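A look at the structure
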Amino acid sequence: MEIRASIRNRPIVEWLAWVLLSELAGLIGGVATASAVETWYTTLAQPSFAPPDWVFGPVWTTLYALMGTAAFLVSRSDDSRTRPALYAFVGHLGLNVSWSLAFFGLQSPLYGLVVIVPLLVAIVAVTALFGRVDRRAAALMLPYLVWVAFATALNYQFWALN
């Protein structure tokens, strides 16, 4: 309890902790992705709306920072719904990492699709839970929700084409 109190008294530290936790999910996913991009992903038939590879790094880095900031805003609330919202957030990060492992690690658009659909549902749920605690946090989750909705369509097309 003493550590939590210490962190709560230092909002910058708490904010950094949430952002770093979110970015860590991206880093883990990135490790699974790195070798498969060069050896497998580039060999796939690409959907017409697939963005260039260089877009993914900056977009995901930004999205993870926004997600972490959203979690930070929720964590600062004394609302009784804060704890369940943050548990849902942390749990959804597991699905986020799982998608990279399924799609790139297993080199399977089908397995990626099996994971990304529940991930999308989880993001909707986390966004709704965050919105009940802090509307700004929900707003910060919206770019992520839109991107993963786009990624779901992209994943489906990879599966359909390959």
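Residues numbered from 1 in each chain as written. Predicted model: local features only at pLDDT ≥ 70, side-chain atom pairs only at ≥ 80, totals over all residues. Heavy atoms only, no water.

Basically, it comes down to this: UniProt positions are given in the numbering used here, feature names are shortened, and annotations may be inferred rather than shown by experiment.
Naming follows an unreviewed UniProt entry, where the chain appears as Tryptophan-rich sensory protein of Halogeometricum borinquense. UniProt, in its Sequence similarities (unreviewed entry) section for the chain, records the words "Belongs to the TspO/BZRP family." One UniProt comment on the chain, placed under Subcellular location (unreviewed entry), says "Membrane".

**A closer look at unusual backbone geometry**
Quick reminder of the rule: Per the convention used, a helix needs a DSSP run of H or I reaching at least four residues, while a strand needs a run of E reaching at least two, with both numbered from the N terminus.
Positive phi, close to 50 degrees, is recorded for Q107, a residue that is not glycine. Relative to the elements of secondary structure, Q107 occurs in the loop between α4 (82-105) and α5 (109-133).

**A few points about the packing of aromatic side chains**
The test is simple: Side-chain rings of Phe, Tyr and Trp, where Trp is taken by its six-membered ring, are said to pair if the distance between their centres is within 6.5 Å; with planes under 30 degrees apart they count as stacked, over 60 as edge-to-face, and otherwise as tilted. When a residue's accessible area, from a 1.4 Å probe over protein chains only, is under 20% of the maximum for its type it is buried; when over 50% it is exposed; and in between it is partly exposed.
With the rule as written, the count across this model stands at 16 aromatic pairs. An angle of 70 degrees between the planes, with centres 5.4 Å apart, marks the rings of W40 and F103 as edge-to-face. Taken together, the positions of W40 in the loop between α2 (11-39) and α3 (56-75) and F103 in helix α4 put the pair 63 residues apart, joining distant regions of the chain. With relative accessibility at 10%, the residue W40 sits in the buried group. The structure contains a cluster of three or more aromatic residues connected by ring pairs, namely W40, Y41, W99, F103, F104 and F158.

**Let's talk about a nonpolar patch on the surface**
Here is the rule we go by: What goes into a patch is any residue over 30% in relative accessible area without a salt bridge, connected to like charges within 9 Å or, for nonpolar side chains (Val, Leu, Ile, Met, Phe, Trp, Tyr), within 5 Å. To measure how exposed things are, a 1.4 Å probe is used in the Shrake-Rupley method; for residues, cover is taken only from the protein chains shown. Salt bridges are defined by distance alone: a side-chain nitrogen of Lys or Arg within 4 Å of a carboxyl oxygen of Asp or Glu.
Nonpolar side chains collect at one region of the surface, where L21, L24, L27, I28, V31 and V90 lie side by side and expose about 520 Å² of accessible area between them. Here the element with the most residues in the nonpolar patch is α2; it accounts for 5 residues. Among the structural elements, L21 can be located in helix α2.

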